[in-house]
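So you can see what is in the structure, the chains are spelled out below.
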Amino acid sequence: MGRVGVLLLNLGGPEQLEDVRPFLYNLFSDPEIIRLPFRWLQNPLAWLISTLRFTKSQENYKAIGGGSPLRRITEEQAVALEEKLKEKGHDVQIYVGMRYWHPFTEEALVRIKRDQIEQLVILPLYPQFSISTSGSSFRLLERLWSEDPVLQKINYTVIPSWYDRPGYLRAMSQLIAEELDHCENSEQIHLFFSAHGVPLNYVEEAGDPYQKEIETCTQLIMETLNRPNPHTLAYQSRVGPVEWLKPYTEEAIPQLATEGVENLMVVPISFVSEHIETLEEIDMEYRHLAEESGIKNFYRVPALNTHPVFIEDLADMVIEALDGPQVKFAEVAHPPKKTKMYPQERWEWGMTTTAEVWNGRLAMIGIVAVLVELIIGHGPLHFVGLL
């Protein structure tokens, strides 16, 4: 089989406060995040946004300890996965490739070439596929592969998504059950699955399977959990005037309160690691919203991180990928070139929130003065404070 490697993909995040500004610059330099009519505007705009918003972003990272834990947790997952594969008789080198911060995907590829890896499994740490997360990383890798003859010699396969794997479902169910068992009258607790949202047109126009995979995943977790608790699925982190997947988390929580729900347990379904969206958005913002709305008891299921059942399933996934048919970049869903990326009207525009976890797109007006006013003001760009 030759030398075998696994490339774990994630988005990355600033590890300390000094990283926030360059992280934002990297983020907004990417045309996958902001689509401009003129490419020469990309870097100046990235500089502008990162300069105007990094102080607010730093405040949010201060609230969770001064930086994102995503790299540390991902590297812990990599170590645990490598050890589990060795236990199963597979000597595999694990690499971590982040999209917008160290270690960048390009850095991981340098190490892969240096180690003369001959067979590679590319495994995104997103259970559900979206053209804006796994798809974005796959498109980057596809381009890098096309430009590098050395990479083209590597026998690779990709794992597009794994939301329905029994091991992953068991791990999620175990975490939920453990939290429920710590509570009195646990059967009365309403389970609130919160997934990161995407604009509706990603699904309706670009054919993104994300919504279907999230909904199916939620149902499978409930079946595996086998508890009588009522549950709700909603989508967090919506920003801007365009329509995103519904229901919105910030609307669903008050609605449940008006319906008499007093005990709410949030399950972060599209995240496998603690990061800004779980530690700040859910634990702080949504907890505050729930309490203001009348929810008496607010609980949150932790992310999987290095949960042993989860790590074992990742190892089994790698082994199955090595033994199974290859999946190439071209076989993974690509957004059609003619897909309308939001906004669809001249003065409607928006961005994804907390891009540590998701990519988004922005169709920008070409007037820098208006953009500056929006950034400085209280418009949709307030989300950058969560980055």
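Quick note: structure is the one above.
In short, a report on the structure. (Residues numbered from 1 in each chain as written. Predicted model: local features only at pLDDT ≥ 70, side-chain atom pairs only at ≥ 80, totals over all residues. Heavy atoms only, no water.)

Another aspect to go through is the overall build of the chain. The helix and strand inventory of the chain stands at 13 helices and eight strands. Looking at the chain as a whole, 59% of its 387 residues qualify as buried. A separation threshold of at least 6 residues defines the contact pool for the chain, and within that pool the share at least 24 residues apart is 80%. Per element, the accessible surface of the chain, about 15,900 Å² overall, is 50% carbon and sulfur. (Helix = DSSP H or I, 4+ residues; strand = E, 2+ residues; numbered from the N terminus. Buried < 20%, exposed > 50% of the residue type's maximum accessible area, 1.4 Å probe, protein only. Contact = heavy atoms within 4.5 Å. Areas by Shrake-Rupley, 256 points an atom, 1.4 Å probe, with all protein chains shown as cover.)

With respect to the helices and strands, Arg300 occurs in strand β8 (residues 297-300). Assessed through its relative accessible area of 13%, Arg300 is described here as buried. Looking at Arg300, its side chain comes within polar contact range of the side chain of Asp283, at 2.8 Å. (Polar contact = N/O pair within 3.5 Å; in protein donor to acceptor, adjacent residues only side chain to side chain.)

Quick look at the sheet that holds strand β7 (residues 263-268) now. Spatial ordering of the open sheet is given by β6-β5-β7-β8, a layout of four strands whose pairing is parallel. Both outer strands of the open sheet, β6 (231-236) and β8, are each paired with one neighbouring strand and no more. Averaged over all pairs of adjacent strands, the angle between strand axes in this sheet comes to 25°, irrespective of strand direction. Pairing geometry for β7 and β8, over four bridges, is parallel. Bridge pairing in β8 links Met265 to Tyr299. Lying over the sheet, helix α7 (residues 166-181) contacts β5 (190-196), β7 and β8, oriented at roughly 155° with respect to β7. Together, β5, β6, β7 and β8 form the strand contacts of helix α11 (residues 276-293), whose direction differs from that of β8 by roughly 165°. (Pairing = 2+ DSSP bridges. Axes fitted to C-alpha atoms, helices over the stretch in contact; angles between N-to-C directions.)

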